[in-house]
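Overview (structure and organization)
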Amino acid sequence: SVDATFLLKQNEEEIIEEIRERQCSNDVIKKDESIRLLIYQKRLWLKDAGVNLNAHVIASDDLSKFIQKMAKSPTLTLQESTRVQLIVRGVAHHYTALEIEFKKTGESTCFIIDASDNIGVPGIIKSLEESEEIDSIFQAFTKDVTIQSDRHICWLFALDHVVQSSRIENLKSTLSSKAQG
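Residues numbered from 1 in each chain as written. Predicted model: local features only at pLDDT ≥ 70, side-chain atom pairs only at ≥ 80, totals over all residues. Heavy atoms only, no water.

All right, on to the overall build of the protein chain then. A count of helices and strands for the protein chain gives seven helices and five strands. Reading the protein chain from its N end, one meets helices and strands in the order α-α-β-α-α-β-β-β-α-β-α-α. Expressed as a percentage of the 181 residues in the protein chain, the buried residues total 45%. Here the analysis covers contacts within the protein chain between residues at least 6 apart in sequence; of these, 62% occur between residues at least 24 apart. (Helix = DSSP H or I, 4+ residues; strand = E, 2+ residues; numbered from the N terminus. Buried < 20%, exposed > 50% of the residue type's maximum accessible area, 1.4 Å probe, protein only. Contact = heavy atoms within 4.5 Å.)

We now examine the nonpolar core. Core analysis: the biggest nonpolar cluster contains 19 residues, and L63, L86, L98 and L128 have the highest contact counts within it. Once residues lying within four places of it in the same chain are set aside, the contact partners of L63 are I58, L86, V88, L98, I124, S127 and L128. Judged by nonpolar contacts, the second largest core, of 18 residues, contains L46, V57, A97 and L159. (Core = buried A, V, L, I, M, F, W, Y, C linked by side-chain atoms within 4.5 Å.)

In the contact formed by helix 3 (residues 63–71) and helix 5 (residues 121–130), the axes pass within 10 Å of each other and the chain directions differ by 40°. In this structure, helix 3 meets helix 5 at a crossing whose hand is right-handed. Contacts from L63, S64 and I67 of helix 3 reach helix 5 at I124, S127 and L128. Across the contact of helix 3 with helix 5, the residue classes tally to four nonpolar, two polar and no charged. (Axes fitted to C-alpha atoms, helices over the stretch in contact; angles between N-to-C directions. Left-handed = near helix turned anticlockwise from the far one by under 90°. Nonpolar A, V, L, I, M, F, W, Y, C, P; charged D, E, K, R; others polar.)

Geometry only, nothing functional implied.
Written out as structure tokens, the structure is:
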């Protein structure tokens, strides 16, 4: 059980500092749960701005099952598409951000956003390529250049990546136009 009373604090920096302290733990469950708690708080803050943060924290071993479940979600029968932001815990407890758009037509697109081009990313890409539910995969990171310079804050970058991607109304069109321009 994770103590969530710190979420009552109004200052986002205080919440992040509390979670950063929890992230120093070697307990993977504590790490994942603290990220889930921060996602919950972010979801509340973003809701007021009209942003739908549909984020989840999962282990890379569960990625294929999660994608299969989402692709068959009853929500897709009610909407043209559903966007899901994922923070995936992979090799050596590295966290990578994914944004997946599941369309009613069965076409799905996945965006991989990683601050360090970590060794765990190829395993995530392999899972996505093997998935029958994912049609297109786009990667947003640069080889040999990283914005993350340590081994401890990948979760914070991944959280920021999913929050920022959730704010972009049509992510695929936006990224396609930026890549061409």
